[in-house]
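# Summary of the model geometry
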Amino acid sequence: MFDREQQAIESKIRAYCADNDIPLADLKWTPIPFSGEWGTSTSFFQTAANEARSGKKVNVPQRAQELAESVKAGLGEIEGISRIEAVKGYLNLYFSTAEFAQRVVATVLEEKADFGRGRPKSERVMVEYAQPNTHHSFHIGHYRNAILGEVLSRLVEFAGFETIRASYPGDLGLGVITVLWIYDKFYRGQEPEGIHERGQWLLKLYVEATDLLTEKENETPEEKAQREAYDAERRELYRRWDAGDPEVRELWRVTREWSLDELRDILRMLDIDIDVWFFESEVDESAKEIVDELIAKGIADDERPEGAVIVKIDEKLGLKKEKYRTNVLLRSDGTTLYLTKDLALAKIKFEKYGVDRSIYVVDVRQSLHLQQTFAILKLWGFPQAEKCYHLGYGFVSLPEGAMSARRGRVVLFKDVADEAVRRVLAEIAQKNPDLPEAQRADVARAVGLGALAYAMLSVDNNKDIVFDLDEALGFEGRTGPYIQNAHVRAASILRKSKTESLEVEPATFDYELTSHEIQLIELLSRFPAAVEQAADEYRPLVMATYAYNLASAFHSFYHAVPVLQAERENIRDARLQLVAAAKQTLANALALLGITAPEVM
Ligand code: ARG
């Protein structure tokens, strides 16, 4: 907001330090919260410490204060800055309140949907998420993954990084073969109608097959023989799949497509657009080749034919204590493991897609696996290994208990989403019957899905979520609808004001601002920093919290401060612009959270 002033001051500080041979440290600025006026502050402790380290005899706090004072003396008058202070090693700059308010509001109204966007960065980031296994169905845990990954992608992109969205579904392994087996045995030729029905059916088949293949208590000899016969068939099918039997491969390909159709439809619904699709089955071959390379480089040890190909990660890294342990890369029968495929995948990400930073949004239970992957990439010599990051996330369960795919106790995302939208529709019919029929469906969707998204995002990603639909749909507290409602209220004031030329002239804020206006302006001014922080720390929660705080400040303002009925024309104009700026910033924050900002609800 005050970039120009800040840069002018920075260059003066730099010049001063250069003239006096002072090793200036990076200048960091922190906003000073309103206490009669707004300001920004930087300190000279690091610079003083640099001097001390370079051999000069200095007392760091005292020297920092000296530097602050000399810099202050050299700055003179600066336009837009009302006062400069050097205290305890800090240089504090204060802005004229009216000017600050005007600048913040005008910036938002000028930059609109780009308000808060970071300057382009040189690094390319890949975010991998929305990668459920096929031959399964999309449950609410997958939803948490998808929404976290999408929001992270939006944040990183908005912060200025070139961003690639990637998915990596697991499409092979025993679970997949289990579904193929039962389909082939009992359901050949059948195919439910409807993308979701068909996708969900695969999960039902999986549950049924697992039941047939699991040992029961008090099994009769006949039952045991039957189960073992089934298992032998499944093994035979796996062997044929592995050998590339065209019939089995075709069945696999077709049913895999059923899962992917369902996944793609859900992603469309969530406004998620994946740029690159990787599949486990497609990296299997290159994974085998990599193993030879790792053996040749002395990273992996080949203990075949007695044993397997392994990597003693701790030993190779020279770690004394056990941290990453030892991993198998190739079984003695020559098959790869999940880890091997992840190495192949990472190589493709780095080399084919030129990724500098690689983020994996994956269930927290795979944490060790990913740390092992990153450690091996480091041994392998990839500089990007240092910039691999695992964004883990916890379980989602319902108040009635945990999910279990094997037992068929799964909460499907589609069911929850449909129910959420249904309930919002019912609520609209009751509370806002004047809403035109044509708009109802859109609003219900925006609010229903917004509530679900916010329920996932407002909890720290590492914590488990007990998901309660009633709570998520509430208009009070930390919910999506609460934030959307702030946007709706702002929209309604602006509609009633009937001013068309809001952005033409920046309003002047040269009246006594209420505490509500101050709070609101301060939050608006902090949006760009919130974007940067959320992206830097890979924490969608930072943005979720910001959006809630802004909504809450707006609701308070709305209740306490007259806008259309303001006592003077110029105050009315200024407040209208503030409302427009708040609306815009709420919309920007909600967009980053993957939530629609409705005009009415
Ligand atoms: N498909 C896996 C699962 O559902 C997640 C993939 C995670 N990504 C990775 N690169 N390993 O558990």
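The coordinates are above.
Read on for a plain summary of the structure. (Residues numbered from 1 in each chain as written. Predicted model: local features only at pLDDT ≥ 70, side-chain atom pairs only at ≥ 80, totals over all residues. Heavy atoms only, no water.)

### Structural notes on the sheet that holds strand β10 (residues 326-330)
- Reading across from one edge, β8-β9-β10 is the order of the 3 strands in this open sheet, with antiparallel pairing throughout. Of all the strands in the sheet, just β8 (301-302) and β10 have a single pairing partner and so form its edges.
- In the sheet, strand β9 (residues 309-312) pairs with β10 via 4 bridges, with the strands oriented antiparallel. Bridge pairing in β10 links I310 to V328.
- Against the sheet, helix α10 (residues 280-296) contacts β8, β9 and β10, and its axis sits at roughly 130° relative to β10. (Pairing = 2+ DSSP bridges. Helix = DSSP H or I, 4+ residues; strand = E, 2+ residues; numbered from the N terminus. Contact = heavy atoms within 4.5 Å. Axes fitted to C-alpha atoms, helices over the stretch in contact; angles between N-to-C directions.)

### Concerning the pairing of strand β11 (residues 357-361)
- A large share of β11 lies buried, amounting to 4 of its 5 residues.
- Sheet analysis places strand β5 (residues 124-128) next to β11, joined by 4 bridges and oriented parallel. When the sheet's bridge partners are listed, V127 is paired in β11 with I359.
- Here β11 runs beside strand β12 (residues 388-391); their pairing, made up of 4 bridges, is parallel. When the bridges of β12 are listed, Y360 appears paired with H390.
- Once you follow β11 into helix α13 (residues 367-380) and on to β12, the crossover reads as right-handed. (Buried < 20%, exposed > 50% of the residue type's maximum accessible area, 1.4 Å probe, protein only. Right-handed = clockwise from strand over helix to strand, strands pointing away.)

### A closer look at helix α12 (residues 338-351)
- Relative to the 20 Å expected for 14 residues at 1.5 Å per residue, α12 spans 20 Å between its end C-alpha atoms, a close match to the ideal helical length.
- With 10 of 14 residues buried, α12 lies mostly within the body of the structure.
- On its buried face, α12 sits against β5, α10, β10, β11, α13 and β12. (Expected span 1.5 Å × (residues − 1).)

### Examining the site of the ligand
- All residues adjacent to the ligand are E128, Q131, N133, Y168, G170, Y338, D342, L345, Y360, V362 and Q366.
- At 2.7 Å, a side-chain N or O of E128 approaches a nitrogen atom of the ligand.
- Burial of the ligand by the surrounding chains reaches 87%, relative to a free accessible area of 350 Å².
- When residues in the shell around the ligand are grouped by element, the largest group, 3 residues, is from α12.
- In terms of residue class, the shell around the ligand is made up of 5 nonpolar, 4 polar and 2 charged. (Near = heavy atom within 4 Å. Polar contact = N/O pair within 3.5 Å; in protein donor to acceptor, adjacent residues only side chain to side chain. Areas by Shrake-Rupley, 256 points an atom, 1.4 Å probe, with all protein chains shown as cover. Nonpolar A, V, L, I, M, F, W, Y, C, P; charged D, E, K, R; others polar.)

### Quick look at the side chain of K414
- Summarising the element assignment, K414 is placed in helix α14 (residues 413-431).
- Judged by its relative accessible area of 17%, K414 is buried.
- Sequence-distant contacts of K414, defined by excluding residues within four places in its chain, comprise H196, Q200 and M269.

### Topic: the packing of aromatic side chains
- If you walk through the whole model with that rule in mind, you get 26 aromatic pairs.
- Note on F45 and Y90: the rings are 5.5 Å apart at their centroids and 70° apart in plane angle, and the pair reads as edge-to-face. Of this pair, F45 sits in helix α2 (residues 45-53) while Y90 sits in strand β4 (residues 90-95), placing them 45 residues apart in sequence.
- Measuring from centroid to centroid gives 6.3 Å for W181 and F186, while their planes differ by 75°, and the two rings are edge-to-face.
- Under the relative-accessibility criterion, W181 is labelled buried at 3%.
- In this structure an aromatic cluster arises from ring pairing among F34, W38, F95 and F100.
- Sitting over the face of the ring of W252, R249 holds its NZ or CZ atom 5.5 Å from the ring centroid.
- Residue placement shows R256 over the ring face of W252; its charged tip is 5.1 Å from the ring centre. (Phe/Tyr/Trp six-rings, centres within 6.5 Å; stacked < 30°, edge-to-face > 60°. Lys NZ or Arg CZ within 6 Å of the ring centre and 35° of its normal.)

### Here we look at the sheet that holds strand β1 (residues 30-32)
- Within the open sheet, the 4 strands sit side by side as β1-β2-β4-β3. Their pairing is antiparallel. Where the open sheet ends on each side, the last strands, each with one partner, are β1 and β3 (81-87). In this sheet, neighbouring strand axes are inclined to one another by 25° on average, regardless of whether the strands run parallel or antiparallel.
- Inspection of the sheet shows β3 paired to β4 by 6 bridges, in the antiparallel sense. Bridging across to β4, R83 finds its partner in Y94.

### Brief notes about the packing of helix α6 (residues 174-187) against helix α7 (residues 195-213)
- The contact between α6 and α7 brings their axes to 8 Å, and the two run at 90°. Relative to α7, the element α6 is oriented roughly perpendicular. From α6, G175, T178, V179, W181, I182, Y183, F186 and Y187 reach across to α7, where they touch W201, L202, L205, Y206, E208, A209, T210, L212 and L213.
- Classifying every residue of the contact of α6 with α7 by side-chain character gives 13 nonpolar, 3 polar and 1 charged. (Parallel < 35°, antiparallel > 145°, perpendicular 65-115°, else oblique.)

### Observations regarding the packing of α14 against helix α15 (residues 437-457)
- Direction vectors running N to C along α14 and α15 enclose 125°, while the axes themselves pass 8 Å from each other. Considering their axes alone, α14 and α15 lie oblique with respect to each other. Here the hand of the crossing between α14 and α15 comes out right-handed. Contact residues: F413, V416, A417, A420, V421, V424, L425, I428 and A429 in α14; R440, A441, V443, A444, R445, V447, G448, L449 and L452 in α15.
- For the contact of α14 with α15, a count of residues per class yields 15 nonpolar, 1 polar and 2 charged. (Left-handed = near helix turned anticlockwise from the far one by under 90°.)

Nothing here speaks to function; it is all geometry.
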